[in-house]
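# An overview of the molecular structure
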Amino acid sequence: MDFLEDLSRQLEDIRPDDTIVRTEIPCPQSVLRYLYPRDPLNEASKLVAKIENGLADIECTPENQSRIRTKKRLHRRQKQKLKFLIDKNNPNPNEQTRSTTAVYEPYISQKNYYADYMQLDDVIKGLESGELFEGFIRISQKCTNEAYVPSPDKSKDILLNSIKARNRALDGDKVAVRILDKSEWRNPDTEDCQRTGEVVYILNRKENRVVVGTLLVDRGVLHRYSTLVPRDCRIPRLLIDTSIWPSPIHLRDGTKESKELFYALLPSWENFKLPKGILKGVLGESGEINTETEGILIAHDIQERPYPEDIDQYFPTQFSVEDELKYRKDFRKHCIFSIDPPTARDLDDALSCVPLPNGNFEIGIHISDVSYFVKQGTPLDEIAEKLATSVYLTQKVYHMLPPALTMMASLLPGTDKLAVSITLEMTPDANVISHSFSQSIIHSCAQLHYAHAQIFLENPNKKDWDESEFPTVYNGYTINDCATAVSHLHKLAAVMRERRFSSGALAINQPKLSFDIDRATCEPLSYSLYILHESNWLIEEFMLLANTMVAEHLKTHFPTTAMLRNHHRPDAAPMEKAVKLLKAHGIDIDFTSAGSIHKSKAAYCKGENSENPHWDIIISNILSKPMVRAEYCVIDPDKSMSHFALNVPYYTHFTSPIRRYPDIVVHRMLISWLTGKPIKEYEDPKVINKIAINSNDKKNNAKKASEASAEIYAACLIGKLGGLVVDASVMEVKENYFEATVLSMNMNVRVYVNISPQNPDLLHKGCKLSTIDNKPTLIIYWDYKGEDRQTLQLFDKVKLKLTKKESCLKLRAILIRDE
């Protein structure tokens, strides 16, 4: 018995895979053996080895003969048992015995959970025959069991209505899909029919995704794996081997959830229900602004310090004005100024306006010549190309270019700067008589803010401006000179804007949530909606004009390699669904073209003059959902390159080269035409296409990161306030929840209404989804008798209480009774 007791004590601190266990809650071995029976193969092998070692230790003497015979009989029996177990578990005698560690992995019973992928050759044949089709998968954030792939015939998206149907594909993966039998479609033989499909192969997957989340830690002796719960609900939970994590994992009181926010790699997803991740680092305590921001950066592949310390060796030397004027046009005597937000540091663009004797105007659109500072093929250029865009979070900008170089290239006032300029002669009714492109030198006289320009526009006849209330004006000009030029530009921009929309353009502008920040702690102090004014539109019109003119020029002179910005028309099915929903509420939208959508929307959206101003926000939100993202692309002579929303045949990005790499490419192309010096690398469409693909990916990540930053700041501020009661408007109703837009923040929230243990803080007593007058309607019962009820439909105003969740910077919205 002493021998068995000693062996039992040794096994207390050892795993079946021989790794040491760090336990916090001891568990009796009798219970463990019941809960976690040991691998019979491993146990039999260990016992035989123990007996063999015991036999070797017994001295062969007459006194020990009886003991040896007894041991040998036991030895034979255990060998027979071992052979039986091996034969039972390995029908194929050539197959190796199973890994002892695999038996104890918590998902071993979920092996082969998904269908095996098809062979690549069969996939290619299926794509060629039309049996299969390819597309990028989009996982719903509202219902993560559902995902969509664009239909090959441009009709309603194909639905993947289960995790198994996704077959280990993640959001953004390029997949091969088979459409399922009609019997498995959603609502077959109805007008709401939606075809369903399944993923049979992943054609292009992003390897080594970084996943940010908290850990759920199992504390039992034999529990080797913990679960990483991602911040992004579209990513599945990851199983993490925390037995090898070198640091303690601190838990929130009374829970299994970690206090810290971790990040892990998802290298691949083998055929188990959940993927296995590799824990790489800890970011800090979850729920803190800095920690959550770090998580946003890592999850969206945004580098805080992408440049080495010695990157300045690739900066150009200070330019010589005399040398540059040999081939640049001199605009230094012109009244040139920039108009930007007050926090702007990357001043890409500036304008000038000179009245001509014939009554026309000479307009100058001056864009920073970043290509002078970022030489092609240098390490600086390679990093900028990889970054592709600046990233704007609530409290900080992560610049595409090194900060020092950003300042060198910015069109700051009071100093000579290099630019690429478009010079226009424009009539008072905003018709372009002539235009030219040139490399140039400018000397901006002022860095105006949108608020300054707005003051000029609201006081067109004022002449006695107080210079002390405005930025310093250089180069011999005055604030009055700037105000006069702004007035001329505004009149031209107003004509251009009216003409643009009357000829078929579309704009769905949304007020943006902004925060006042404590710069010492980076925490929010207050919030407001940033509304666009006429001064914003002034700049927008001239930038749109410049981008369109450059695109037309590139199309002519670079017919196979021009870098363009393409925007496809929205998919018909989701747009039809949105239009049908609005029509049930008396709003008719003609979606045959961008212009018809804009005109239809304008009939109901009256801005500040509207009887129901919240309709503007809701209608815009509903119509923006079916819209597809604009993308960078290389010109294709055989395809339409038009921009749907702008209603122009060709469009590009030229006006923001400090913060967008595609603009640098466009600058280089334009300058190569001006100088007659071709760029060999840019003669290959594949090179431009590669830049476009990366730029699309980075721009999308930057947009998501910016939105996520605003969300955590909203949660942080509301947490500091101890909650906030707000007015909201219903956007969509479902059986267990409704979507609403918080009107003071233009922020969408989901409000759960189903009574369940997961929602113990709800104030109402029940709910029911119904249809009233062909309108989806959610009925809320405020008493158990059903006499006190509230109906919720699209556009209805509601009162919500917003609170911050306890363990993270996320909001929870609760419906409250509006008395």
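Fair warning: this is a prediction, and the values are worked out from it, not measured in the lab.

Let us look at the overall build of the chain. On a plain count of helices and strands, the chain comes out with 20 helices and 32 strands. Taken over 819 residues, the chain has a buried fraction of 47%. Partitioning the contacts of the chain with sequence separation of at least 6, the portion at a separation of at least 24 is 66%.

A separate point is the packing of aromatic side chains. This model, assessed by the stated rule, comprises twelve aromatic pairs. On the basis of an interplanar angle of 80° and a centroid distance of 5.2 Å, the ring pair of Y372 and F373 is categorised as edge-to-face. Like Y372, the residue F373 is buried in the burial classification. Ring pairs connect the aromatic residues Y113, Y114 and W269, which therefore count as one cluster. Over the ring of Y113 we find K164, and its NZ or CZ is 4.5 Å from the ring centre. The side chain of R497 reaches across the aromatic face of W537, ending 4.3 Å from its centre.

We now examine the sheet that holds strand β30 (residues 789-792). The strand order across the open sheet built from three strands is β28-β29-β30, with neighbouring strands paired in antiparallel fashion. Edge positions in the sheet fall to β28 (766-772) and β30, since each has one partner strand and no second. Sheet twist, expressed as the mean angle between neighbouring strand axes with direction ignored, is 25°. In terms of strand pairing, strand β29 (residues 775-781) meets β30 through four bridges, oriented antiparallel. Counted as the bridge partner of Y781 is R789 from β30.

Time to look at the environment of R565. Tracing the backbone through its elements, the reader meets R565 in strand β23 (residues 563-566). R565 gets classed as buried once you look at its relative accessible area, which sits at 8%. Here the alpha-carbon distance between R565 and H653, two residues 88 residues apart in the chain, equals 6.8 Å. Excluding anything up to four places from it in sequence, R565 contacts A630, E631, Y632, H643, Y651, T652, H653, N696 and K699. A polar side-chain atom of R565 sits 3.5 Å from the main-chain carbonyl oxygen of A630.

Of all residues except glycine, most have a negative phi; of all peptide bonds, most are trans. Despite not being glycine, C522 shows a phi value in the positive range, around 65°. With respect to the helices and strands, C522 occurs in the loop between β21 (512-517) and β22 (524-530). Unlike most non-glycine residues, F795 shows phi in positive territory, near 80°. Along the chain, F795 turns up in the loop between β30 and β31 (797-804). Its relative accessible area of 6% is what places F795 among the buried residues.

The next point concerns a nonpolar patch on the surface. A surface patch of nonpolar side chains, amounting to about 220 Å² of accessible area, comprises L120, I124 and L203. Tracing the backbone through its elements, the reader meets I124 in helix α6 (residues 120-129). A residue is classified by how much of its surface remains accessible, and I124, at 39% relative accessible area, is partly exposed.

A few words now on the sheet that holds strand β32 (residues 811-816). Hydrogen bonds between backbone groups are what pair the strands of a sheet, and the pairing can be parallel or antiparallel. Across the sheet, five strands lie side by side as β27-β26-β25-β31-β32; this open sheet has antiparallel pairing. Strands with a single pairing partner mark the edges of an open sheet, and in this sheet they are β27 (747-752) and β32. If you compare each strand with its neighbour and ignore which way they point, the axes differ by 45° on average. Where β31 and β32 come together, six bridges link them in antiparallel fashion. Bridging across to β32, K799 finds its partner in I816.

This next bit is on the nonpolar core. In this structure, F337, I363, I365 and F542 are the most contacted members of the largest nonpolar core, which totals 85 residues. Per element, the largest residue contribution to this core is ten residues, and it comes from helix α15 (residues 534-557). With residues up to four places along the chain from it excluded, the contact list for I363 reads S352, C353, I422, T423, L424, M426, L489, L492 and F542. In this structure, I289, L513, V753 and W782 belong to the second largest nonpolar core, which totals 43 residues.

What follows covers α15. Under the 1.5 Å per step criterion, the end-to-end length of α15 is 35 Å for 24 residues, consistent within 8% with the ideal 34 Å. Most of α15 is tucked away, with 17 of its 24 residues classed as buried.

Further remarks concern helix α8 (residues 289-299). Among the residues of α8, those classed as buried are I289, T291, E292, T293, G295, I296 and L297. Buried residues in α8 make contact with β7 (209-216), β10 (260-266), β11 (276-285), β17 (397-398) and α20 (685-721). At the exit of α8 stands D301, carrying a positive phi of roughly 55°.

Cut-offs applied
Residues numbered from 1 in each chain as written. Predicted model: local features only at pLDDT ≥ 70, side-chain atom pairs only at ≥ 80, totals over all residues. Heavy atoms only, no water. Helix = DSSP H or I, 4+ residues; strand = E, 2+ residues; numbered from the N terminus. Buried < 20%, exposed > 50% of the residue type's maximum accessible area, 1.4 Å probe, protein only. Contact = heavy atoms within 4.5 Å. Phe/Tyr/Trp six-rings, centres within 6.5 Å; stacked < 30°, edge-to-face > 60°. Lys NZ or Arg CZ within 6 Å of the ring centre and 35° of its normal. Pairing = 2+ DSSP bridges. Axes fitted to C-alpha atoms, helices over the stretch in contact; angles between N-to-C directions. Polar contact = N/O pair within 3.5 Å; in protein donor to acceptor, adjacent residues only side chain to side chain. Patch = residues over 30% accessible without salt bridge, like charges linked within 9 Å, V, L, I, M, F, W, Y side chains within 5 Å. Areas by Shrake-Rupley, 256 points an atom, 1.4 Å probe, with all protein chains shown as cover. Salt bridge = Lys/Arg side-chain N within 4 Å of Asp/Glu carboxyl O. Core = buried A, V, L, I, M, F, W, Y, C linked by side-chain atoms within 4.5 Å. Expected span 1.5 Å × (residues − 1).

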